[in-house]
Amino acid sequence: MEAGQMTEQVAPSVRERLSDRMRRQPWLGAVAVIVAIFLALVAGEGLHDVAQTGLNGLSLGAIYALGAVGLTLVYGILKLVNFAQGDFLTFGAYMAYLVNVTWGMPLILGIFWAMIATALLGLLFERVLWGPMRAKHAGFLQLILMSIGLAFLLRAIIQWFWSTDVRVLDVDTTSTVQFLGLRIGQTQLIVVIVGIAVIIGIGLMLRLTLLGKQMRALSDDLELAETAGINTRRVINYTWIFAGALAGLAGVLSAATTDLRPELGFELLLPIFAAVILGGIGDAFGALAAGMVIGVMTEWSTLVIDARWKTAVGFLVLIIALIVRPQGIFGKAKTV
Amino acid sequence: MSLDPGALPLAVTFDALTNTSFWISVGVIAGTYALVALGLQLNTGFTGIVNFGQAAFMAIGAYTMAILVLKAGFSFWLSLPCAVLAAMIFGLIVGLPSLRLRADYFAIATIALAEVVRLFAQNARGLTGGNQGLFCDPNDASNCYTNSWRDVSDSINNFVSNFWSDPDSLFPLLLVIWATVAVAIFVLRRLQHTPWGRVLRAIREDEDAAQALGKNTLLYKLQSLAISACLGAIAGFFLALNLATIHPLDFEPLVTFFAFSVLILGGMGSYRGVAVGAVLFWFVLEGTRFIDLPDPPFTETRIASLRLAITGLLLILLMAFRPQGLFGKREEMVIGE
């Protein structure tokens, strides 16, 4: 605020040029805010603490980002605000638990099974719920309430089979990796690497392949895409496969770094929504960046306020993003 | 029962069916949810704003009332209008930036705000008691919101005992809640037939058109949200009087979604439908307690999950086959079309 006023007094043309630049590349503003917060924290708390909490934030952010990519694709392409996405994460986590703990097999198999099972779940609901509802031209309220009903149903099924007990996956939670004086849990490091690799892969696929192009076409106008000869049913099925598989993966990664409870997914849902909106609806790269930013901000907040408040950070980012820039940091200014 | 429970997999214990105090407690919950859902009906059914943050207004009503009485020494009766005012002001502050948003963004913003309120109640321990909840000190009973209510409750039951020899201790609360619901329905129905009410419907049908006619739609939407906040705060009082302890878990998003189930069951665009929906919803949900299911496999958590599954299925099936609910009109459901 003060800096802005100063430039205004000294050279109004600089301010004009800056604001013009901000309009064309809005994410620059976000970067500036993050850098400012980073510098302020380094000045106050020291580089080591900021880097260490930032590193913890990356593993949280990777989970947010993975959940957000699926949600943003479905939101953008099918215009469905899927409140059941959180429970997709929970479902994936319990599928991995089934393979990894109940059947005693390696976690990597559990991860694959979780991704396959959650993708199949996504396809199933597309078949029995969302497809028929689209054919009926159901309104936004109808769809949102249906997805809430589905979230209840999924959570009820999980509670029925696995009760409300807190469970853990069979992972190594004690080993840590040290570099540059920082330490990170081995599992957390794997979460960060897997998360970033998968999302970059998905993002490139969306940008470079024909399927990605078709998805963007559907996102612009589903009926027009169909008229243009795109097999919309196939594209929609792929959307659900991605959304489901990534949600399943995010659920397992979250369970591996913390624990499993039937509320796991619902508690992650709002930060995931925050990532979707901050990143711009339908934008996979945006969701990656925003998820990471929210994860890091959440962990950074523990440097200045009590850690029990940190869940509120994601909500506050969401509210501020909605009020200041509802089209997302990467989106173009348009009526929303 | 003399029968072996193993012989009947779905033994129904009929003695519970005639358990008056049980049904009265169900009626109290139903009445509380009817009030919450009436606010949602005004917002969602008649103004077209999807308010997913109603639990926050309940929390602010209940907590403000209790904090004013317990910590600031207010009288119970003075704390009530103050708490209603607090909830309405919160509604206005929240609505001012967020009501400009698209319907889906507004829904997400309100649920996030409600969670912030709940997290505040959970973590500002000095003020709200945190996860311990907020309750009266049993040793210092002089200054307690439940005492003021008990005086009223006793005098109602003294009168009732002329007709019913041993009235249930929750019976006065049931009477007061449903009287409030009746008054709220009467007022809301009257409001709906005023020019003001017609502007709300115009906003729901087509906000741009209402704006083009020179109506300040944001102002009308703010008023709609503030009235809903008032109803939510009153429901919060009744929740506090019913449970005696105010706890952050009583204001989870689940509460708002249950109220939406009540709203949808009753029907979009029908205030009286909301009252019927609340009774039906809670009598069905609590009625599952009569089915004496064998344990195992029906453990307590499984029965809890069964209730969640019933609610989920109800929402899915209603949305698929009868989105207007039992008493609603199809043409009243226009949001996002």
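It should be noted that the structure appears before, not after, this text.
Just so we're clear, the structure is a prediction, and the values are computed from it rather than from any experiment.

Draft legend 1. Here's a closer look at the side chain of B:Arg307. All names here are of chain B. Within the element layout of this structure, Arg 307 appears in helix H14 (residues 300-321). Judged by its relative accessible area of 17%, Arg 307 falls in the buried class. Engagement of the side chain of Arg 307 in a polar contact is seen with the backbone oxygen of Leu 285, the distance being 3.1 Å. Apart from the residues within four sequence positions on either side, Arg 307 is in contact with Leu 285, Glu 286, Thr 288 and Arg 289.

Draft legend 2. Here's a closer look at the pattern of salt bridges. Residues and elements named next belong to chain A. Enumeration according to the criterion identifies twelve salt bridges over all chains in this entry. A salt bridge links Lys 310 to Glu 299; the nearest nitrogen and oxygen atoms lie 3.1 Å apart. Of this pair, Lys 310 sits in the loop between helix H13 (284-304) and helix H14 (311-324) while Glu 299 sits in helix H13, placing them eleven residues apart in sequence. Given the relative accessible area of 28%, Lys 310 is considered partly exposed. Given a relative accessible area of 11%, Glu 299 falls into the buried group.

Draft legend 3. The interface of chain B and chain A, seen in detail. Contact with chain B, which involves 50 residues of that partner, is made by 43 residues of chain A. Carbon and sulfur atoms make up 79% of the area that chain B and chain A hide from each other, which totals about 4,100 Å². A per-residue breakdown of the area chain B buries against chain A is headed by B:Tyr105, B:Ile108 and B:Ile316, which together make up 16% of the total. If you look at where chain B meets chain A, you find four residue pairs in polar contact (both at pLDDT 80 or more). Of all the secondary-structure elements, those providing two or more residues to the side of chain B that touches chain A are helix H5 (103-123), helix H12 (253-266) and H14 of chain B.

Draft legend 4. Representation of unusual backbone geometry within the structure. The phi torsion at A:Lys79 lies on the positive side, around 55°, for a residue other than glycine. The topology assignment puts A:Lys79 in the loop between helix H4 (47-78) and helix H5 (85-102). Positive phi values are uncommon outside glycine, yet B:Ala244 reaches one of about 70°. Relative to the helices and strands, B:Ala244 resides in the loop between helix H11 (217-243) and H12. Classification of B:Ala244 by relative accessible area gives partly exposed; the value is 33%.

The rules behind each value
Residues numbered from 1 in each chain as written. Chains lettered and ligands numbered in written order. Predicted model: local features only at pLDDT ≥ 70, side-chain atom pairs only at ≥ 80, totals over all residues. Heavy atoms only, no water. Helix = DSSP H or I, 4+ residues; strand = E, 2+ residues; numbered from the N terminus. Buried < 20%, exposed > 50% of the residue type's maximum accessible area, 1.4 Å probe, protein only. Polar contact = N/O pair within 3.5 Å; in protein donor to acceptor, adjacent residues only side chain to side chain. Contact = heavy atoms within 4.5 Å. Salt bridge = Lys/Arg side-chain N within 4 Å of Asp/Glu carboxyl O. Buried area = accessible area lost by both parts, 1.4 Å probe.

Read these as geometric descriptors, not functional statements.
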